[in-house]
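Structural description and commentary
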Amino acid sequence: MAEIRVMREDLRPPAPPPKRHFISIKDVTSDDVERLLATARTFERSLEREVKKLPTLKGRLVINVFYESSTRTSSSFELAGKRLSADTMSIKSSGSSVDKGESLKDTAITLGAYDPDVIVIRHPQIGAPHLVARVTEAHVVNAGDGKHQHPTQALLDLYTMREAFGRIEGLHVAIVGDVLHSRVARSLIQGLALMGAHVTLVAPPALLPRGIEAMGCETATDIGAIAGADVVYVLRMQQERMQEGANYVPSLREYAARWGVTPERVRPGQKVMHPGPMNRGVEIDPRVADHADALIETQVRAGLVTRMAVLYDLLTSGPVGVKTESALEVA
Amino acid sequence: MLFAKSAPKENLVVRGARVIDPAAGVDAVLDVRVDDGVIAALGTELDTNAHRVLEGHGLVLAPAFVDPHVHLRTPGREDEETIASGTAAAAAGGYCAILAMPNTKPIVDSAATLGALIETARAEAEVPVGFLAAITKEQGGTELTEMAELADTGAAGFSDDGVPVASAGLMRRALQYGAVTGRRIALHCEEATLSREGQMHEGAVSAELGFTGYPSVAESLMVERDLALAAYERQPLHLLHLSAWESVQALRRARADGVAATAEVTPHHLCLTDEAVRSLDPNVKMNPPLRAASDRTALVEGLKDGTITAVATDHAPHARHEKDVPFEAAPFGVTGLETAFAALYTHLVEPGAVPLETILERMSAGPARAYGLDEPRIAVGSPANLVLLDLKASYRIGEESFRSRSVNSWLLGQTVKGGVRMTIAAGRMVFAA
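This is a predicted model, so every value here is computed, not measured. (Residues numbered from 1 in each chain as written. Chains lettered and ligands numbered in written order. Predicted model: local features only at pLDDT ≥ 70, side-chain atom pairs only at ≥ 80, totals over all residues.)

**Comments concerning the overall build of chain B**
Test applied: The helix and strand labels rest on DSSP assignments: H or I over at least four residues marks a helix, E over at least two residues marks a strand, and numbering proceeds from the N terminus. Any residue whose C-beta has 12 or fewer other C-beta atoms within 10 Å is treated as exposed, any with 20 or more as buried, and any in between as partly exposed, C-beta atoms being built from the backbone. Throughout, a pair of residues is in contact if the C-beta atoms placed from their backbones lie within 7 Å.
Counting its secondary structure elements, chain B contains 14 helices and 18 strands. Each principal axis of the C-alpha distribution contributes one length, and for chain B these read about 65 × 45 × 45 Å. The 433 residues of chain B split such that 62% are buried. Taking as baseline every contact in chain B between residues at least 6 positions apart, the subset at least 24 positions apart corresponds to 77%.

**Structural notes on the sheet that holds strand S8 (residues 231-234) of chain A**
Residue and element names in this part refer to chain A. Worth spelling out the cut-off: When DSSP finds two or more bridges between a pair of strands, those strands are recorded as paired. Between N-to-C directions, angles cover 0 to 180 degrees, with each direction set by a line fitted to C-alpha atoms, over the stretch in contact for helices.
Spatially, the 5 strands line up as an open sheet ordered S7-S6-S5-S8-S9, and their pairing is parallel. The open sheet has two edge strands with one neighbour each: strand S7 (218-220) and strand S9 (271-273). Within this sheet the neighbouring strands show an average axis-to-axis angle of 25°, counted without direction. Where strand S6 (residues 198-202) and S7 come together, 3 bridges link them in parallel fashion. Counterpart to Val202 in the pairing with S7 is Ala220.

**Considerations on the domain arrangement of chain A**
All names here are of chain A. Note the following rule: An automatic or database domain assignment provides the domain bounds reported here. We call Asp, Glu, Lys and Arg charged. Ala, Val, Leu, Ile, Met, Phe, Trp, Tyr, Cys and Pro are nonpolar, and the rest, Gly among them, are polar.
Structurally, chain A comprises domain 1 (16-149 + 301-315) and domain 2 (151-298). Centre-to-centre, using C-alpha coordinates, domain 1 lies 25 Å away from domain 2. Put simply, the parts of the chain that give the side of domain 1 that touches domain 2 at least two residues each are helix H2 (30-46), strand S4 (139-145) and helix H10 (296-316). Ranked by residues supplied to the side of domain 1 that touches domain 2, first place goes to H10 with 6 residues. Classifying every residue of the side of domain 1 that touches domain 2 by side-chain character gives 11 nonpolar, 9 polar and 6 charged.

**Observations regarding H2 of chain A**
The criterion, for reference: Each residue after the first adds 1.5 Å to the expected span of a helix.
Across its 17 residues, H2 of chain A extends 24 Å between first and last C-alpha, which sits within 8% of the 24 Å expected from 1.5 Å per residue. Buried within H2 of chain A we find Val33, Arg35, Leu36, Leu37, Thr39, Ala40, Thr42, Phe43 and Ser46 of chain A.

**Here's the deal with unusual backbone geometry**
Residue and element names in this part refer to chain B. A cis amide bond links Lys105 with the next residue in sequence, Pro106, at an omega value of 0°. Within the secondary structure, Pro106 sits in the loop between strand S7 (95-100) and helix H2 (111-124). A cis amide bond links Asn287 with the next residue in sequence, Pro288, at an omega value of -5°. With respect to the secondary-structure elements, Pro288 resides in the loop between helix H9 (267-271) and helix H10 (293-305). With phi around 55°, Glu45 is a residue other than glycine that occupies positive phi space. Examined against the element boundaries, Glu45 turns out to sit in the loop between strand S3 (38-43) and strand S4 (52-55). At Ala426, a residue that is not glycine, the phi angle is positive and equals roughly 50°. Within the secondary structure, Ala426 is located in the loop between strand S17 (415-425) and strand S18 (428-432).

**Quick notes on the nonpolar core**
Nonpolar side chains tend toward joint burial in soluble globular proteins. Under the convention used in this document: Only buried Ala, Val, Leu, Ile, Met, Phe, Trp, Tyr and Cys residues enter a nonpolar core, and they are joined through C-beta atoms within 7 Å.
Core analysis: the biggest nonpolar cluster contains 149 residues, and Tyr95, Val127, Val129, Phe131, Leu132, Leu239 and Leu344 of chain B have the highest contact counts within it. Among the elements that take part in this core, helix H12 (residues 340-349) of chain B stands out by supplying 8 residues, more than any other. Among all residues touching Phe131 of chain B, those that are not within four sequence positions of it are Ala100, Pro102, Val108, Leu114, Leu117, Ile118, Ala155 and Ala156 of chain B. Ranked by size, the runner-up nonpolar core spans 90 residues in total, among them Phe66, Phe77, Leu104 and Val118 of chain A.

**Section: the pairing of strand S16 (residues 386-396) of chain B**
Residues and elements named next belong to chain B. The sheet contact formed by strand S5 (residues 60-63) and S16 spans 4 bridges and is antiparallel. Opposite Ala62, over in S16, you have Val387 as the bridge partner. Relative to S17, S16 is paired through 8 bridges, and the arrangement is antiparallel. Across the sheet, residue Ser394 finds its bridge partner in S17, namely Lys417.

**Describing helix H3 (residues 72-83) of chain A**
Residue and element names in this part refer to chain A. The following threshold applies: Read the arc as the range of directions from the helix axis to the C-beta atoms.
Between its first and last C-alpha atoms H3 spans 16 Å; for 12 residues at 1.5 Å apiece the expected length is 16 Å, and the two agree. Looking at H3, one finds that the buried residues are Thr73, Ser76, Phe77, Ala80, Gly81 and Arg83. Across the axial projection of H3, the buried residues extend over an arc of 165°, all falling on one side. At its buried positions, H3 is contacted by strand S1 (61-66), strand S2 (87-92), strand S3 (118-123), S4 and H10.

**Details of the environment of Gly101 of chain A**
All names here are of chain A. Of note, Gly101 is situated in the loop between S2 and helix H4 (104-112). Take Gly101: there are 7 C-beta atoms within 10 Å of it, and that puts it in the exposed class. A C-alpha to C-alpha distance of 38 Å links Gly101 and Glu297, two positions 196 residues apart in sequence.

**Details of the interface of chain B and chain A**
Taken together, the contact pairs 19 residues of chain B with 22 residues of chain A. Examining the composition of the side of chain B that touches chain A, we find that 5 residues originate from one element, helix H6 (residues 204-209) of chain B, more than from any other. A class-by-class count of the residues in the side of chain B that touches chain A yields 9 nonpolar, 5 polar and 5 charged.

Following this line, the structure appears as structure tokens:
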């Protein structure tokens, strides 16, 4: 594989390839998604071995910068880097110069001075990864920017659905809950549309952003609309993003009664997903969350291998269409 | 009401330019002679009187522009703009008069603050500048400023621009008392309980990008309220920076009903839509926000049919480090003094959407009329307020070209058509390229 790449480059005029980032699902094609999912699958197999570490990204530096709290995303990015033998550093906003009022631009330039290969960033403001991409030489991975995008979450969700159903095209996915504040929903709607799935958003009226149908989905305010779906994707009620007195819903109690995903509202065989962390008893009934039809733990495992795939893909810059089994051969 | 540094007046002849004064119905190739800062003769083959001669062949000579909405950031943020730098930028943009908004630090809400500004303007303003004073003390929305004293001191009008007057009762009192001053009250129409936290126009683009929406109805609801109050009190008012189709409709209806309301629109609202926000460039973040294509069309139509009579830049300088942040963290506002004509010529006149004469009128006589200022005219006996325009000039807008202390322009990096070659303001040549 490596030889083939050298030959290909010999045939081309020498020009540095454009820096590739993974900031928005909008920036990728269905071929990109297929390649990433296939790569993730090969990594999943490699993790079944006794020694789980691969030397693929040895000597590479991955910096994780988290301006918002996170368990799943930050731990899986860190582990993904380590499993691929990259050097990883994790920086959290509290306890760093951010506490002293340093701007994002200055923090990014400072970290850029270490020549990282990848900067993974989570930030409460839309557009933060774009700014980091502008002022550093690193590949930038968006681990969540405000309410905008969370592309690796969409990728792991697509991976989970593909593993559960063997396909994504033609699936009917109902996304239920706080769409307004959800970057997960925005990335997933785009990802599902890209891969040919059918999406219905189900939420109280004020939590359905006006004009969202233009993204290629249907909307409903009646929880009954989840009945025909293959997957019920439950969103977290993001109380921390709701301003005082905004009255998106009268109360969490009324929300749970009217839109909560309960055993009575799902049918056997209908798969249930949730990006976590869950508000048990609000958007999802504990009996649904813990049922065998829930794929929530699978999603967490998928998070590790899909993030490994993203790091691998960005750093090896394999031309589109390369058979991704080569991931293991290179390893 | 307008103040500038004193300087010797100009003696010159502009020869052979296409002279367009839409308000006077003039459009002809003429020589224009200025004696001691006053237009002394119009004609062909004019005697130069031994004056300096400027060759105007192939260029357009028009009444210089009036910008009714500028933020000079002085006092308080002189790092962003000063009266000297802001008026130099105005000169480069072809303006002979500008009006500055009072939302500075401190707010211009007392005769003392206003008086100090006027003194500074007399010392350093390149182009005559007028100062609006606040409607309410500290723009707090609870207590009227001493409007009569402020008017006597030289206030050009009153506005709480930047924040709406939330209380309808107080708004009514301001209109009532405003009649005493004879100065225009200018309103920033925004229902804050609908727009709060809003980052951009609410619609398909905000839904996709995840930004909290600032819906059109947040503006038009307040426009309707203020027009109703103006109708009831039979008082004139001026509506700042309209952005929404519904606002234009409401204004058109009110004017037809006899309400003495005028309104302005910015070049960016006339040229751009919310699609531009997909770039996440903080230089397309303004309040009110860029709206949908249908809103933009309504604004252009309103400008053409005279519902909207003024173009205003809402020139809002911001320090580089304050705009070099994620879109959500950036302050609202863009600069515009030096690019307004080129933006409108490139995006509206060249494509045939609006006649050149309309743009020239709405950038000069229209805004002057809205505030009761003397309209710039190309007529014998009028003070020389002239702009010489090169419609064929094509150039790229870069940071280095700005006289403003700030560079937060939405046109950065773009190639535009239509350049200002020379500006004469109140009889004095203030810019020549």
